[in-house]
There are 2 protein chains.
Amino acid sequence: LSRAHIVSSYDADLARLVGTILEMGGLAQTAFAGALAALAKRDAEAAERVIDDDARLDDLEEQVDQSAVRLFALRQPMAGDLRLIAMSLKISNDLERIGDYAASIAKRAKRLTMDAPPQATASLERMGACLETMLTDVLDAYRERDARQAMSVWHRDHEVDDIYDSVFRELLGELKADPRATSAGIDLLFIAKNLERIGDHTTNIAERVHYVVHGDRINRMRHEPAPV
Amino acid sequence: LSRAHIVSSYDADLARLVGTILEMGGLAQTAFAGALAALAKRDAEAAERVIDDDARLDDLEEQVDQSAVRLFALRQPMAGDLRLIAMSLKISNDLERIGDYAASIAKRAKRLTMDAPPQATASLERMGACLETMLTDVLDAYRERDARQAMSVWHRDHEVDDIYDSVFRELLGELKADPRATSAGIDLLFIAKNLERIGDHTTNIAERVHYVVHGDRINRMRHEPAPV
């Protein structure tokens, strides 16, 4: 094999791995959008689709593992490429988890009726919209190996945490005031928690992109466990 | 450098990486035991320790990433070793998350009073005891590269899920019956959820050990999103 041939199939293997991550990213975005539609419009069909599609992300995570191991074994990647492949192993898990959380939101949204506390639902939708932008931006940052973009996503996670804190307090108040609303209130509390966790995984991806580019970690002060 | 020297420093680097994962495992076990003590005995000091120690797991996860990248770059590991290093990147994240969930349980346990629903607390302790054994066993499986042991842990996760389902229903019933118990009930619900997530991460580690040994995945049928 000529040197040029080896290099070009290396590039192709690497591009395939990145492509699989971006495919996972696209599926996670679709799942998340479906979960938010299920929440906002009580769209049971959208919810069903999210739940049904979740297995595909599991399969792709496995495919990323296999591709990464193959690249390490056959291609001896170095420096930035090496870090990209290593972090892709972790990012695939973050995206698979985001899909799982979207499916959990969809399941809970499906059984909410239109008269579930509407103010809390509006806050959750706002949290969701914020997260959708963050997820899009962090996938761009991954594709472009853009640490600055990753950093900007990472800083935005506090907005999500702030909405989470206020919606949690609000729902707790409603639960205490009206025990008939208990089931719906608890579904909304767990949806809030799922959204907050999606924010954590998006932030994780931002940290991993930063590591790919710079070889070190963002200051971990923000990495405390989520507020309880 | 002689060939023997290269091989022996390869072994030393690999042993160091495995050692860091096992150190993380030990810290996760300690954190989890502390969280369960905080829950069972309302031991606020144990809870504080768990919360304070959590940052150490973040640091060690970063150390695993650095060691793995170094091994890939300098040592060209193959086959089982290569898969072990690749999966260690993911397992370090599972262990860091288990530490986070233990800290969340500790925070919630700290504010529970002794008169929080005692029956539900007993079920949660049972769930915790089951998980402690699973975590010990899966760390053994990792250290020994024992796929059979990993498989046995993986099969036990349904016990955890069964307790989770029944304790969730029980708590929901109590919340509906007695709105004064709302705050404690919700803390217990989230503790149950945190325990269930610790079970998922333990199961993930089992799957990753299986992949290290055999190069393929356990049938993913069990890998659905958790029951909501």
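Further remarks concern unusual backbone geometry. A positive phi angle, close to 50 degrees, is found at arginine 145 of chain A, a residue other than glycine. Of note in this structure, arginine 42 of chain B is not a glycine but carries a positive phi near 50 degrees. Note on arginine 42 of chain B: relative accessible area 17%, which makes it buried.

This next bit is on the pattern of salt bridges. Under the counting rule described, the total for this entry stands at 38 salt bridges over all chains. In this structure, aspartate 65 of chain A and arginine 217 of chain B form a salt bridge, with 2.2 Å as the shortest nitrogen-oxygen distance. Of this pair, aspartate 65 of chain A sits in helix H2 (residues 44-75) while arginine 217 of chain B is found in the segment after helix H6 (182-214), placing the two residues in two different chains. For the pair formed by aspartate 65 of chain A and arginine 217 of chain B, the shared burial category is buried. One salt bridge in this structure joins arginine 75 of chain B and aspartate 13 of chain B, with 3.1 Å as the shortest N-O distance. In this pair, arginine 75 of chain B is assigned in helix H2 (residues 44-75) and aspartate 13 of chain B in helix H1 (residues 3-41), connecting sequence segments 62 residues apart. Where salt bridges share partners, they join Glu61 and Asp65 of chain A together with Lys90, Asp94, Arg208 and Arg217 of chain B into one cluster.

All names here are of chain A. Structurally, histidine 201 can be placed in helix H6 (residues 182-214). In sequence terms histidine 201 and leucine 60 are 141 residues apart; their C-alpha atoms lie 17 Å from each other. Histidine 201 has contacts with Asp94, Arg97, Ile98 and Tyr101, leaving out every residue within four places of it along the chain.

Under the fitted operation, chain B is carried onto chain A by 0.0 Å of movement along the axis and a turn of 180 degrees, and the coordinates agree to an RMSD of 0.0 Å. The transformation just described matches what one would write down for a two-fold rotation axis. Comparing contact sets, 100% of the residues at the interface of chain B also lie at the interface in chain A, consistent with an isologous, same-surface contact.

Residue histidine 201 of chain B is classed as buried on the basis of its relative accessible area, which comes to 3%. Of note is the side chain of histidine 201 of chain B, whose polar atom sits 2.9 Å from the side chain of aspartate 94 of chain B.

So, about the interface of chain B and chain A. A common way to express how large an interface is: the accessible area buried when the components associate. Taken together, the 49 residues of chain B in the interface contact 49 residues of chain A. Each partner contributes to the roughly 4600 Å² buried at the junction of chain B and chain A, and carbon and sulfur atoms together form 59% of this total. Summed over the shared surface of chain B and chain A, the result is 17 residue pairs in polar contact (both at pLDDT 80 or more). Every element with two or more residues in the side of chain B that touches chain A is listed here: H2, helix H3 (79-111), helix H5 (147-177) and H6 of chain B. Top contributing element to the side of chain B that touches chain A by residue count: H3 of chain B, with 17 residues. Classifying every residue of the side of chain B that touches chain A gives 21 nonpolar, 9 polar and 19 charged.

Turning to the nonpolar core, a few remarks are in order. With 153 residues, the main nonpolar core has Leu95 of chain A together with Leu95 of chain B as its most contacted residues. Leaving out residues up to four positions away in the same chain, leucine 95 of chain A has contacts with Ile21, Met24, Gly25, Ala28, Leu57, Leu135, Leu139 and Ile205 of chain A.

The subject of this paragraph is helix H3 (residues 79-111) of chain A. Residues and elements named next belong to chain A. Look at H3: 49 Å from first C-alpha to last across 33 residues, which is about the 48 Å you get at 1.5 Å a residue. At serine 88, H3 shows its maximal bend, which comes to roughly 30 degrees. Among the 33 residues of H3, 29 are classified as buried, and the element is accordingly described as predominantly covered.

Here we come to the side chain of arginine 208 of chain B. Mapped onto the fold, arginine 208 of chain B is located in helix H6. For arginine 208 of chain B, a relative accessible area of 2% gives the class buried. Those residues in contact with arginine 208 of chain B, other than ones at most four positions away along the chain, are Glu61 and Asn93 of chain A together with Met87, Lys90, Ile91, Asp94 and Arg217 of chain B.

Bringing the packing of aromatic side chains into the picture now. All names here are of chain A. Going through the model one piece at a time under the given rule, you end up with 6 aromatic pairs over all chains. Ring plane angle 55 degrees and centroid distance 5.6 Å describe the contact between tyrosine 164 and phenylalanine 168, whose orientation is recorded as tilted. Placement of the pair is tyrosine 164 and phenylalanine 168 together in helix H5 (residues 147-177), with a separation of 4 residues, close to one helical turn. Just as tyrosine 164 is buried, phenylalanine 168 falls in that class too.

Residues and elements named next belong to chain A. Residue-level pLDDT values for chain A average 90, and 92% of them are 70 or greater. Looking at the elements of chain A, mean pLDDT is at its lowest for helix H1 (residues 3-41), recorded as 91, and at its highest for H3, recorded as 96. Here residues 221-228 is modelled with pLDDT under 50, and outside its nearest four sequence neighbours on either side it reaches 24 contacts, counting other chains as well. Here the complex is predicted with pTM 0.92, and the ipTM for its interfaces comes to 0.90.

Now for the environment of threonine 133 of chain B. Residue and element names in this part refer to chain B. The residue threonine 133 is located in helix H4 (residues 118-144) in this model. Accessibility expressed as a relative area gives 40% for threonine 133, which makes it partly exposed. For the pair threonine 133 and valine 153, spaced 20 residues apart in sequence, the C-alpha separation works out to 8.8 Å.

Criteria and thresholds
- Residues numbered from 1 in each chain as written.
- Chains lettered and ligands numbered in written order.
- Predicted model: local features only at pLDDT ≥ 70, side-chain atom pairs only at ≥ 80, totals over all residues.
- Heavy atoms only, no water.
- Buried < 20%, exposed > 50% of the residue type's maximum accessible area, 1.4 Å probe, protein only.
- Salt bridge = Lys/Arg side-chain N within 4 Å of Asp/Glu carboxyl O.
- Helix = DSSP H or I, 4+ residues; strand = E, 2+ residues; numbered from the N terminus.
- Contact = heavy atoms within 4.5 Å.
- Least-squares fit on C-alpha atoms with pLDDT ≥ 70 in both.
- Polar contact = N/O pair within 3.5 Å; in protein donor to acceptor, adjacent residues only side chain to side chain.
- Buried area = accessible area lost by both parts, 1.4 Å probe.
- Nonpolar A, V, L, I, M, F, W, Y, C, P; charged D, E, K, R; others polar.
- Core = buried A, V, L, I, M, F, W, Y, C linked by side-chain atoms within 4.5 Å.
- Expected span 1.5 Å × (residues − 1).
- Bend = angle between axes of the 7 residues up to and from the residue.
- Phe/Tyr/Trp six-rings, centres within 6.5 Å; stacked < 30°, edge-to-face > 60°.
- pLDDT = per-residue confidence, 0-100.

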